[in-house]
Every structure is written in structure tokens, then in C-alpha cells.
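Letter by letter, the chains look like this.
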Amino acid sequence: MSATDTVLQQQVHTLYSNHHGWLFGWLRKKLGCAHNAADIAQDTFLRILTAQDKRSDLDLREPRAYLTTVAGRVILNHYRRLSLERAYLEALALVPDMYAPAPEDRLIILETLHEIDAMLDALPHKARTAFLLAQFEGLSYAEISVRLDVSVRTVKRYMAQAFEECIMLDL
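Figured I'd write up the structure that's included with this text. (Residues numbered from 1 in each chain as written. Predicted model: local features only at pLDDT ≥ 70, side-chain atom pairs only at ≥ 80, totals over all residues. Heavy atoms only, no water.)

**Section: the nonpolar core**
Membership of the largest hydrophobic core comes to 17 residues, with the highest contact counts inside it found for Ala130, Ile144, Leu148, Tyr158 and Met159. For this core, the secondary structure elements donating two or more residues are α4 (103-122), α5 (125-136), α6 (141-148) and α7 (152-168). Of all the elements, α5 adds the most residues to this core, at 5 residues. Apart from the residues lying within four places of it in its own chain, the contact partners of Ile144 are Ala130, Leu133, Ala134, Leu139 and Val155. By size, the runner-up hydrophobic cluster in this structure holds 15 residues, among which are Leu31, Ile40, Phe45 and Ala71. (Core = buried A, V, L, I, M, F, W, Y, C linked by side-chain atoms within 4.5 Å. Buried < 20%, exposed > 50% of the residue type's maximum accessible area, 1.4 Å probe, protein only. Helix = DSSP H or I, 4+ residues; strand = E, 2+ residues; numbered from the N terminus. Contact = heavy atoms within 4.5 Å.)

Okay, here's the thing in C-alpha cells:
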């Protein structure tokens, strides 16, 4: 472990020690549930810890503002994940029992849906929209270009970008 890694781990430890209680209280008030607040608080610090390699320093002037920003993103991901799971379960309820996937397959499908959702979320808005219009509405590139008010060449670029992200998914 390098000296930089050690310093960053110490900074995260200090951030956790000094602000975990405050973050938990803030989340509990915001979410109205101590269990969800505890989970989101832990996920917030886990996200900060795992993102350390992208940062060279975690010396923050406004640690609580930073924590609320990260926690807000974790909350959005949490609710988006719940929404996706609910939609999947609603669709699954329409499938006759004899065709329904086994519980372990359901879990794999759900995790794959989460990965695809995260990939789509990472795309720029117009690239994501172009991809979804092509895949789910069956629109041609020319129709998408009209809808998005861009050239067909730009739609092709958006689609290439989306397909590249699909290929890069580690499914």
C-alpha cells in the first residue's frame, strides 16, 4: 500500500468518525426510516472509499456538503433500483407460472437489468434517448433525427456510443 493510499484511508476514517452520526441523523429525517438511513449512510461511505482511486486527496472544506451530495446520489440510485425492481416484478406477475424463471434466474436477470440501467444512465441524454427510441419504439435513424432535431449522422454517432457501452458491459 502506498503512502497516498494510507493518507486517503485515514482521511475517509476521519470523515466517517466525525460525520457518520450526523449523516445518519440527516438521512433518518429525510427518509423517515432508521434502517434505510443506516444502509444509505454505509453505502455513502462505501462509495467514497471505493472512489478514492479517482481522487488524490480527500481534504474537504465542507465535508457535510460533500456527504449530502454523495448521499443524495446514493438515494437516487436506491429509488431508481427499487423502481426497476418493481417494474420487473409487475412484468413477471403477468407471465404464467410455467414460463416464469427460477428464483436464481430472476436474481441474475434483475442484476443484469440494473447494469443496463446504470449503463444507460451514464450515457449523455440524447444518446440514451436515441438508443431507447431505436430499441423500444423501432424508429429509424431518420425518424430519430427528426425527433431529436439532429442530423442522421449525429444519430449514428449516438447509436455507436450506446452500442459501445453495451459491448463494454461485463455481463
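**Describing the packing of aromatic side chains**
According to the stated counting rule, one finds 3 aromatic pairs in the structure shown. Ring centres 6.3 Å apart and planes at 15° place the aromatic pair Trp22 and Trp26 in the stacked group. On the criterion of helical spacing, the pair formed by Trp22 and Trp26 is a turn pair, its members being 4 residues apart in helix α1 (residues 3-31). Taking relative accessible area as the criterion, Trp26 reaches 28% and is therefore assigned partly exposed. Taken together, a centroid distance of 5.7 Å and an interplanar angle of 80° make the contact between Phe131 and Phe163 edge-to-face. One end of the pair, Phe131, is in helix α5; the other, Phe163, is in helix α7, and 32 residues separate them in sequence. (Phe/Tyr/Trp six-rings, centres within 6.5 Å; stacked < 30°, edge-to-face > 60°.)

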